Amino acid sequence: MHKQDPRQGLHLLVIGVVMLILLVPLLATFLYSISTSWGATILPDALSLKWYVQLWSDPRFLMAFGRSVFLCMVSIIVSLLVIVPLAFMMEYRYRQWQKIMDLVILLPFAMPPIVATAGLLQIYAGSPVMGTPWILVGCYFTIVLPFMYRSLVNNLRALNLHDLMDASSLLGASSFQGFMQVVLPNIRKGIASAWFIAFSLLFGEFVFANMLVGTRFETLQIYLFNMRQTSGHFTSAIVISYFVFILLFTMLANRFNKT
Amino acid sequence: MMPAKPSRAHLWLFVPFVLMLGAFCLAPTYWVLVNSFMADDGGFTLGNYKKILSSKFYLIAIENSFWLSLYSSFLGLLIGLLATSSLRFVQGKVRQWVIAFVNMSNNFAGVPLAFAFIIILGTNGAITLLLNKMGFLNGFDLYTRAGLTVVYTYFQIPLAILLLYPAFDALKDDWEEASRLLGASTFDYWRKVVLPILFPSLLGTFVLLLANALGAYATAFALTASNVNLIPIRIGALVAGDISLNPNLAAALSIVLVVQLVMVTIINQWLMRRRRYA
C-alpha cells in the first residue's frame, strides 16, 4: 500500500466527487420525505415527519411490507433447500463438473427478467400458480441461484470436506448424518451470508412481481409503483424506509462475509 | 468400517434443481425461441422478425436501446475506473467505508431510483431548478433518451466500481516506481502498464454493464410508463399491454435482445483471444 502519496488529496477529491454523485439522489429523496411541501423552489419550505407517520400508519403499506418479507423468506428457504444439498454434492462428489455447473448457474443471467416473463406468461397462462406469489418463488430461485451457489461453494471449499465426512463416517454416522450434523453447522456463515445477499436482491424485485402477479399480491415495490400518483413526499418516505431496510441487510451481509 | 460403495441414490438431490431451473428458466427460453418463429395460426414463419426489421417503430426501439446501453456503460465504466483507481491510494478505513457505501447504492435501482430522479431532475426537480437558474440545462428532459442516459449511468457506477475493485489487485505497487525509474510519466505508466494489465477486466466489466443496461426494464418503465421506446419496454407492452397484445412478436423482440447480449459476449471473447496471441 502507498503510505505517503503526494497526490493523496487529489485521490480523496476524486472519490469524494463520485460518492457525492451517488449520494445526491438519496439525499434529495430524504430531504423531500421530511419536508412538508417543496414547490418550485430549490430548498423545501418546512420540515416535518408527517409523511412517515402517515406511511407507517397506512394498513395498505404495512400489508405490502409484510407480503414482501413473507415472499422473500419463502423464496429464500425454498432456494436454500434446493441449492445447499446441490452445492454440497457438487463439491463432495462431482468437483470435476464444477466448471460446467458454473456455466449452468449463469443461464438465468443471459435471460433478462422481461424476456423470461414473456415466456412464463404464456406457459403458465392457464395454471393455478399464475397470478399468485407461488410463481414468484420459482422466478426468485433463478435470480438468487448464481449468488447463493457461489457463496455456498466458496464456503464449502474452505472446509476440508472429505476429512470431515470421513471422520464422521468413522464415528459411525451415515452420509446424511454427516451432512446434517457436521457439514451444515460448519457452513452456517455461508448460509447466513447467502441469505442476506438474497434478501437484498429480492426485496427490490419489481419486473417479475409486476408482470406475473401485479396488484393481486401487492408487494412493497408494487405498492410504491401504484402510489406514483400520490404526493411525491409520501413516495419519498416509502423509498427512504425501503432503503433503510436494504441498508440494514447489506450491512449484515457484509458482517457475515468478512469472517 | 468399509466406506460405502458409491451409490446412485444421492442423484435425486439434483432433481429439484433440474425441475426448478427447467420450469423457470429453460422452459421460458425454449418457448420464446420457438414462438418467435410462429405465426398466429401456429405455423412456421419469419414474419415476426420481418415485421420488426421493417417497422420504423421497432428499429428505433433497437437503436435507442443500443445507444442508451453503450453511453451509460461507457460513462459508468469511466467514472467507476476513476473512483477505483483513486481508491487504492487512500487509507484502509476510508476504502472500507466507500466500498460499503457503494455496495449499498448498488441496490438503489428500479422503481425507487426512478422516483428519486423525478424528485431531483424531473420537470420541477430541485436540481433542474438550480441548474436552470444558473443558465445550464437548455431543454433537458428526464423523460427522454438523454435523461435516461443520466439515470442508467447512475446505476452503472456502483456496479462498475464493485467489479473493477478486485481487478486492481493485479497491479503491483512497485511497478509504478519501476516505470518511474525508467523515465515513464504518469501518462506512460497508465498507457503502457495499467491499461494493458487491466484490459481484460475492463472489457469484462463493460460487457456486464452493457448486459445490465440492455435488459433493464423497471427503471425506464417507472420513469416514463411506456412512453420511451426501448426493446424491454416494447416487450412488456406486447405481453401485458392494454392495446397491442402479440406474444409471438414479443418473443421475436426478446430474441433480438438476447442475440445482442450473446454478440457482445462473443466479441468480448474474441478480443481477449486476439490479444493473447498478439
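Engineer: Break down the overall build of chain B for me, citing the residues and quoting the values.
Structural biologist: Of regular secondary structure, chain B possesses 12 helices and 0 strands. When its helices and strands are written in sequence order, chain B yields α-α-α-α-α-α-α-α-α-α-α-α. Over its C-alpha atoms chain B spans a radius of gyration of 24 Å, topping by over 25% the 19 Å that the globule rule assigns to 278 residues. Along the three orthogonal principal directions, the C-alpha set of chain B runs to about 80 × 75 × 40 Å. Each of the 278 residues in chain B was classed as buried or not, and the buried ones make up 38%. In chain B, the proportion of contacts linking residues at least 24 apart, taken out of those at least 6 apart, comes to 72%.

Engineer: Could you give me a rundown of the overall build of chain A, with the residues and numbers involved?
Structural biologist: When helices and strands are counted, chain A shows 13 helices and 0 strands. Secondary structure elements of chain A, listed N to C terminal, follow the sequence α-α-α-α-α-α-α-α-α-α-α-α-α. Taking 259 residues into account, the globule formula puts the C-alpha radius of gyration at 18 Å, and chain A, at 23 Å, lies well above it. Dimensions of chain A, computed from C-alpha atoms along their principal axes, come out at roughly 75 × 65 × 35 Å. Counting across all 259 residues of chain A, residues that qualify as buried make up 42%. Taking as baseline every contact in chain A between residues at least 6 positions apart, the subset at least 24 positions apart corresponds to 75%.

Engineer: Provide a residue-level description of the nonpolar core, including the pertinent values.
Structural biologist: In this structure, Leu136 and Ala198 of chain A together with Phe117 and Leu253 of chain B are the most contacted members of the largest nonpolar core, which totals 146 residues. The residues touching alanine 198 of chain A, leaving out its near neighbours within four places in the chain, are Ile76, Ser79, Val144, Phe147 and Met148 of chain A.

Engineer: Quick one: what's the story with the interface of chain A and chain B, residue by residue and with numbers?
Structural biologist: Counting from both sides, the interface comprises 62 residues of chain A and, opposite them, 64 residues of chain B. Here the side of chain A that touches chain B gets 14 residues from one element, more than from any other, and that element is helix H1 (residues 8-33) of chain A. Across the side of chain A that touches chain B, the residue classes tally to 42 nonpolar, 19 polar and 1 charged.

Engineer: Please give an account of the confidence of the model for chain B that cites residues and values.
Structural biologist: Mean pLDDT for chain B: 87, with 95% of residues reaching 70 or above. Mean pLDDT across the elements of chain B bottoms out in helix H6 (residues 126-133) of chain B (79) and peaks in helix H3 (residues 56-87) of chain B (95).

Engineer: Tell me what's going on with the environment of methionine 211 of chain A, and back it up with residues and numbers.
Structural biologist: Mapped onto the secondary structure, methionine 211 of chain A falls in helix H11 (residues 207-213). For methionine 211 of chain A, a count of 22 C-beta atoms within 10 Å gives the class buried. Put simply, methionine 211 of chain A and proline 113 of chain A are 98 residues apart on the chain and 9.7 Å apart in space, counted from C-alpha to C-alpha. Methionine 211 of chain A has contacts with Thr117 and Leu121 of chain A together with Gly236 and Ala240 of chain B, leaving out every residue within four places of it along the chain.

Engineer: Now, about the environment of valine 183 of chain A: what can you tell me, with residues and values included?
Structural biologist: All names here are of chain A. Along the chain, valine 183 falls in helix H9 (residues 175-186). Taking the C-alpha atoms as reference points, valine 183 and asparagine 160, 23 residues apart in sequence, are found 9.7 Å from one another. Beyond its immediate stretch of four places on either side in the chain, valine 183 contacts Phe88, Leu164 and Gly178.

Engineer: I'd like to hear about the environment of valine 239 of chain B, residue by residue, with values.
Structural biologist: With respect to the helices and strands, the residue valine 239 of chain B is situated in helix H11 (residues 231-240). Overall, valine 239 of chain B belongs to the buried group, with 24 C-beta atoms counted inside 10 Å. The spatial distance from the C-alpha of valine 239 of chain B to the C-alpha of alanine 251 of chain B is 9.1 Å, given a sequence separation of 12 residues. Setting aside anything within four residues of it in sequence, one finds valine 239 of chain B in contact with Thr117, Ala118 and Leu121 of chain A together with Pro247 and Ala250 of chain B.

Engineer: With reference to specific residues and values, describe helix H9 (residues 186-215) of chain B.
Structural biologist: Relative to the 44 Å expected for 30 residues at 1.5 Å per residue, H9 of chain B spans just 38 Å between its end C-alpha atoms, considerably shorter than the ideal helical length. By the largest-angle criterion, phenylalanine 199 of chain B marks the main kink of H9 of chain B, which is about 55°, and a proline, proline 200 of chain B, follows within four residues.

Engineer: Describe helix H5 (residues 110-121) of chain B, and please don't skip the residues or the numbers.
Structural biologist: Helical geometry: 3.6 residues make up each α-helical turn, so side chains three or four residues apart lie on a common side. End to end, H5 of chain B covers 16 Å across 12 residues, agreeing with the expected 16 Å (1.5 Å per residue, within 8%). The buried fraction of H5 of chain B is high, at 12 of 12 residues.

Engineer: Tell me about the packing of H3 of chain B against helix H7 (residues 145-164) of chain B, and name the residues and values.
Structural biologist: All names here are of chain B. Remark: H3 packs on H7, axes separated minimally by 7 Å, with the N-to-C direction vectors making an angle of 45°. Classed by the angle they form, the pair H3 and H7 counts as oblique. When the axes of H3 and H7 are compared, the crossing they make is right-handed. Among the residues making up the contact of H3 with H7, the classes are represented as 14 nonpolar, 9 polar and 1 charged.

Engineer: Pulling in residues and values, what's your account of the packing of helix H4 (residues 92-105) of chain B against H7 of chain B?
Structural biologist: Residues and elements named next belong to chain B. At a closest axis distance of 8 Å, the pairing of H4 and H7 adopts a crossing angle of 130°. The angle between the axes of H4 and H7 places the two elements in the oblique class. As for the relative orientation of H4 and H7, their crossing is left-handed in sense. Residues Val102, Asn103 and Ser105 of H4 pack against Pro158, Ile161 and Leu162 of H7. In terms of residue class, the contact of H4 with H7 is built from 4 nonpolar, 2 polar and no charged.

What counts, and where the lines are drawn
- Residues numbered from 1 in each chain as written.
- Chains lettered and ligands numbered in written order.
- Predicted model: local features only at pLDDT ≥ 70, side-chain atom pairs only at ≥ 80, totals over all residues.
- Helix = DSSP H or I, 4+ residues; strand = E, 2+ residues; numbered from the N terminus.
- Rg over C-alpha atoms; globule rule 2.2 N^0.38 Å.
- Buried ≥ 20, exposed ≤ 12 C-beta atoms within 10 Å, placed from the backbone.
- Contact = placed C-beta atoms within 7 Å.
- Core = buried A, V, L, I, M, F, W, Y, C linked by C-beta atoms within 7 Å.
- Nonpolar A, V, L, I, M, F, W, Y, C, P; charged D, E, K, R; others polar.
- pLDDT = per-residue confidence, 0-100.
- Expected span 1.5 Å × (residues − 1).
- Bend = angle between axes of the 7 residues up to and from the residue.
- Axes fitted to C-alpha atoms, helices over the stretch in contact; angles between N-to-C directions.
- Parallel < 35°, antiparallel > 145°, perpendicular 65-115°, else oblique.
- Left-handed = near helix turned anticlockwise from the far one by under 90°.

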